[in-house]
Amino acid sequence: MLKRYPVPLIAILALILSFAVTPVTPAAAAVVTPAAGQYVPLTPARIVTSTLVTAGRMLTFNPLGKGGVPASGVAAIAYQLHAAGTGNGTLTAFPAGNNTPGTSDVNFVAGETVDNAVITKLGTGGQVSITNGATNGASATVYIDVVGYYTAAGSTVTGSTFVPLKPVRIVNGGTTTTGGTLDVAPLGTGGVPHSGVTAVVAHVTAQSGTAGAFLAYPNGITRPGASDLHYGTGGRYTAQTTVKLGADGTFRIYTTTAASLWVEIVGYYQDATGSATGSLFTPVTPARLPGTRPTVAADSTDTFSLAGVGGVPATGVSAVAFNVTAYSETGDAAGGLSVYASDESTPVARQLSYQANTRRWPTQQTTHLGQDGTFAVRNVGAGAVVMLFDVHGYFTPTGVRASRLPWNSGVNPQGQNTARANQFAEFRGAAVDNVTLFPKRDNWDVALEDAAQLVVNGLPDGFNPTRDDLIMTLPLWPGGGVNHVGFTGTQAQWQKMATTIASGDPNAYVRLGWEMNLGGYWALTEDNQADWQASFIQAVQWMKAAAPGLQFVWNPNKGHDQTCSNECSLQVLDEVHEYIDVYAIDSYDSWNPDLGDAGRTEHYDGYRRLNESLAIAVKYGKKFAVAEWGVACTEHTNPDPQLDCQWLGNSGGDNPQYIEDYMNWFAAHAGDLAFESYFDEPADYIRSALSVTPLGPLAPAAYQAKVAANRM
């Protein structure tokens, strides 16, 4: 906000600056060190072809050095397992050298090719074994298509980390012709971010009047000689596939016959530029969930726990990879299952299909767990199903933020001191990941002195600059009596400011000239547009030269420009975007308040609100931030009109819906969000406090609940 340190507004003088502008290199992406459990997606490749495995016998194969899998540094492989049987039987995959576990991955039948996605830990000699468990003499011809691998300790390959999502349908009945394809664009949908994604985990369901097969693969390449699933006639058939994205961020589904397709996304893998909290994979020797075989009745939901069983730790797990086998003992109904975290609402999605027969239908799941380590199964069908659960491995968060939230969450602390930052963290029950500070801006001497004090006295206890973020808020020209672009500051002043900020956090964010579209003596106007732009670029150049790790934020207030009529904040952004790292907005519960469905729509989809502002960030290839946000008072509480609630009659007040809507939006867009910072201010001019002297009690309680619900 503009009023933290009130200064006199002075007419902005027009003065042409003659800065020598040279290009500045944008900040480099974060570097991820190779680590065990990272995933490397591959173009599907067949590495085992038409190999006969007779009943009771075992196939052992070595995937190392084949299909893009390296010769070393591999802990587990991800692949599609296909079997054409002469009768009924099972295939069980496990690390070579181990005893055959009491699990199954494929249930084959006579005269059909059946399939399933599998993740298998490598065993002796880097090999995988597959046993044919048929007891009736049935043989199976086996095919294996590798789609990726997980790195082992000591690997020199940098892979991706997994981000689980609530299942979301992104294709609903798309169609293909015989031998045709359907292109799928997952970026920016269902919680998948717009950038930094290497692969998605999807469940693809096919329905066709003619039996056939489908394959998902990266768009832009020649179709590989592999497949994901062979489907029958009439009913719906589902397979999980972990598919690498093409250079354009899309993938393609090929079908051998005309088919209708449904696609659900359950997670994605992010590279070093990803901003969500990612997880690493630990493979285990397959283990069946102990106890009786659970049954889920028709049109009902049940909850199951994987915490502490099958090699899965009791706590600290974000997702589990396991196989679900479902079947109807009566065989009189077809249907599907949705599998999802137990503390999420039931999704419109399908993770397994079963037909009206007594066959056993297996489908691999990579499922987000609830806070208590449980998952839910919704049976969308007219008959009860019996299920078997076989664990293949689990995911644990890495690089966990101080807050343990999936996104970078912090505070503009009232008082701008350590005690207030600590109090906010204590109030919400989670440490803060970032702190936004405002040096005084009376003049350059005061600004530099105050910035130095804030770096020492404004950060919370335990602040770790390697993990946490300092966000410093600076006008383009600290005040005094000459508040205009001609007095933007000297190189020495800007570089001293840069080194001062970097002493607290070498990679700090700098909100330079923030809310330039609102007012204040550093406002961007039609009269000073060229000079303002030159000032911004020069300040960035000088600061980056002194502190190369600083990250710069272009930060208008939400809504329209109030300082010019020609969209000047976007016009200048178009010229300076190469000098910034993040596009941000400040957005409060005002003009109009977030009340009811209309209010939620306004805040999500209104002019320059969350979704449109995110789209602007994506256009320029930047991460997005909500640098200030908060509830806002509605009542007159101070006799001094200069300190009156500035949104009198135009805000939601103690509005829990606003808190819940924004926190839900942050959770859904963690992969696109550089940071968000709550403006915890008790002064009457804004009154957005949640901790000390809160506007609440409803909004503070809603905030605490959403923090608790989203912690990892």
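Below or above, wherever it landed, is the structure these notes cover. (Residues numbered from 1 in each chain as written. Predicted model: local features only at pLDDT ≥ 70, side-chain atom pairs only at ≥ 80, totals over all residues. Heavy atoms only, no water.)

A few words now on the overall build of the protein. Looking only at helices and strands, one finds nine helices and 33 strands in the protein. Projecting the C-alpha coordinates of the protein onto the three principal axes gives extents of approximately 95 × 50 × 45 Å. For the protein, the residues scored as buried account for 60% of the 712 residues in total. Looking at the protein alone, contacts between residues at least 24 apart form 81% of all its contacts between residues at least 6 apart. With an accessible surface of roughly 24,700 Å², the protein has 51% of that area assigned to carbon and sulfur atoms. When the 38 basic and 56 acidic side-chain charges of the protein are each reduced to a single mean position, those positions are 9 Å apart. (Helix = DSSP H or I, 4+ residues; strand = E, 2+ residues; numbered from the N terminus. Buried < 20%, exposed > 50% of the residue type's maximum accessible area, 1.4 Å probe, protein only. Contact = heavy atoms within 4.5 Å. Areas by Shrake-Rupley, 256 points an atom, 1.4 Å probe, with all protein chains shown as cover. Lys, Arg positive; Asp, Glu negative; His and termini not counted. Charge placed at Lys NZ, Arg CZ, Asp CG, Glu CD.)

Counting through the fold element by element, Arg252 comes out in strand β15 (residues 251-255). Along the chain, Arg252 and Asn219 lie 33 residues apart, while their C-alpha atoms are 5.3 Å from each other. Those residues in contact with Arg252, other than ones at most four positions away along the chain, are Thr181, Leu182, Asp183, Leu215, Ala216, Tyr217 and Asn219. Side chain to side chain, Arg252 and Asp183 meet in a polar contact 2.6 Å long. Looking at Arg252, its side chain comes within polar contact range of the side chain of Asn219, at 3.3 Å. (Polar contact = N/O pair within 3.5 Å; in protein donor to acceptor, adjacent residues only side chain to side chain.)

Left-over empty space is what a probe sized like a water molecule reveals as it rolls over the atoms. Counted as a void, the second largest pocket has a volume near 1,200 Å³. If you go around the second largest pocket, you meet 48 residues; those closest to its centre are Glu344, His368, Pro406, Ala667 and Asn710. A per-element tally of the lining of the second largest pocket places strand β9 (residues 161-176) first, with five residues. Considered class by class, the residues forming the lining of the second largest pocket number 22 nonpolar, 18 polar and eight charged. (1 Å grid on protein atoms, 1.4 Å probe; cavity = no way out; pocket = protein on both sides within 12 Å on 5 of 7 lines; lining within 4 Å. Points joined across faces, edges and corners; volume = space filled by probe spheres on them. Nonpolar A, V, L, I, M, F, W, Y, C, P; charged D, E, K, R; others polar.)

Following the sequence through the fold, Tyr521 ends up in the loop between β29 (509-512) and α4 (529-546). Along the primary structure Tyr521 and Trp477 are separated by 44 residues, whereas in three dimensions their C-alpha atoms are 8.4 Å apart. One polar contact links the side chain of Tyr521 to the main-chain carbonyl oxygen of Arg441, over a distance of 3.0 Å. A distance of 3.4 Å separates a polar atom in the side chain of Tyr521 from the backbone nitrogen of Gly479.

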